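# A look at the structure
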Amino acid sequence: LLQYTRGTVTAFSPFDARADAEALRKAMKGMGTDEETILKILTSRNNAQRQEIASAFKTLFGRDLVDDLKSELTGKFETLMVSLMRPTYIFDAHALKHAIKGAGTNEKVLTEILASRTPAEVQNIKQVYLQEYEANLEDKITGETSGFFQRMLVVLLQANRDPDGRVDEGLVEQDAQVLFRAGELKWGTDEEKFITILGTRSVSHLRRVFDKYMTISGFQIEETIDRETSGDLEKLLLAVVKCIRSVPAYFAETLYYSMKGAGTDDDTLIRVMVSRSEIDLLDIRQELRKNFAKSLHQMIQKDTSGDYRKALLLLCGGDDE
């Protein structure tokens, strides 16, 4: 398994699952709830440790920790704590399931997850989805989406992106020319060319293609996508390009816009903070500082409140001012 080292949350040591389980039970027993203890424990243990705590909790008290959290907590704070308790391996599959169930599809979630996850991660999501929900993720997604947006999602779901290897400059030139002819030079757009090239070429190859594209056309590939496509397809292609350039930079931008302006997109804020906390949240913080001259810590401080804010700030780790 890929060892991530740029997370803000790491294994807590010395760790005692039974002691944590007892502290949590005490925090929720009787009148009133001690939220502070709950958030301190859950944000300072990594996901694997949280699963051990849940298991100890059941062994000691015959109670389900997540059910207890749900009955004792409310609102966004509850959502955050329950999200922290979700086993890592099921996190993305669960998010996708909820994005495509019921009335209306949450395209934002499909875009964020499928654009940013590695091919190995996507393969894993598909397997987990099948095991947990006894359904085929691709069938579910194609049933709820359409057009070129659907086709790009299907390409990403194949998880067949070329592995990184030696970059062939001749093919780089060729792909850049094809994209130029499919977009800027054509009346109307040949979306299929964008989908195939952006969905299947290796990351290092595409980074070179973007540079070459700029040289040939005088435009950044993002500018062309912005002009030549629209709606969900445009958002998905842009997300893919941004993730090819830098996954942490993509998530820095995602977090920035979840809190910028009026109102907060708490679902996105929670999903990104929880899912990246053990992977690359330190890099994301750096990118946010660099690209938006903002500190993630201060944005959260300003945009959220109460125990929800306390927990998010602990997940965030330090301040980057």
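Residues numbered from 1 in each chain as written. Predicted model: local features only at pLDDT ≥ 70, side-chain atom pairs only at ≥ 80, totals over all residues. Heavy atoms only, no water.

### Structural notes on helix 17 (residues 266-276)
- Burial analysis of helix 17 places ten of its eleven residues in the buried class, which makes it a mostly covered element.
- For helix 17, the set of buried residues is Asp266, Thr268, Leu269, Ile270, Arg271, Val272, Met273, Val274, Ser275 and Arg276. (Buried < 20%, exposed > 50% of the residue type's maximum accessible area, 1.4 Å probe, protein only. Helix = DSSP H or I, 4+ residues; strand = E, 2+ residues; numbered from the N terminus.)

### Brief notes about the packing of helix 19 (residues 296-303) against helix 20 (residues 306-316)
- Two elements in contact, helix 19 and helix 20, have axes whose closest approach is 9 Å; the angle formed by their N-to-C orientations is 175 degrees. Judged on the interaxial angle alone, helix 20 and helix 19 are roughly antiparallel. Contact with helix 19, carried on its side by Leu296, His297, Ile300 and Gln301, involves Arg309, Leu312, Leu313 and Cys316 of helix 20 and no other residues of that element. (Axes fitted to C-alpha atoms, helices over the stretch in contact; angles between N-to-C directions. Parallel < 35°, antiparallel > 145°, perpendicular 65-115°, else oblique. Contact = heavy atoms within 4.5 Å.)

### Concerning the packing of aromatic side chains
- Under the definition given, this model contains seven aromatic pairs.
- Ring plane angle 70 degrees and centroid distance 5.3 Å describe the contact between Phe57 and Phe61, whose orientation is recorded as edge-to-face. Of this pair, Phe57 and Phe61 are both found in helix 3 (residues 47-61), four residues apart, which corresponds to roughly one turn of the helix.
- Here the aromatic rings of Tyr257 and Phe292 are separated by 6.1 Å at their centres, their planes lie at 90 degrees, and the arrangement is edge-to-face. (Phe/Tyr/Trp six-rings, centres within 6.5 Å; stacked < 30°, edge-to-face > 60°.)

### As for the pattern of salt bridges
- Applying the stated criterion to the full structure yields 21 salt bridges.
- In this structure, Lys290 and Glu287 form a salt bridge, with 3.3 Å as the shortest nitrogen-oxygen distance. A residue pair is termed a helical-turn pair when its members lie 3 or 4 positions apart in one helix, as Lys290 and Glu287 do in helix 18 (residues 281-292) at three residues.
- Overall, Lys290 belongs to the exposed group, its relative accessible area being 61%.
- You can call Glu287 buried: its relative accessible area is 17%.
- One network of salt bridges, in which partners are shared, links Glu36, Lys40, Asp307 and Lys310. (Salt bridge = Lys/Arg side-chain N within 4 Å of Asp/Glu carboxyl O.)

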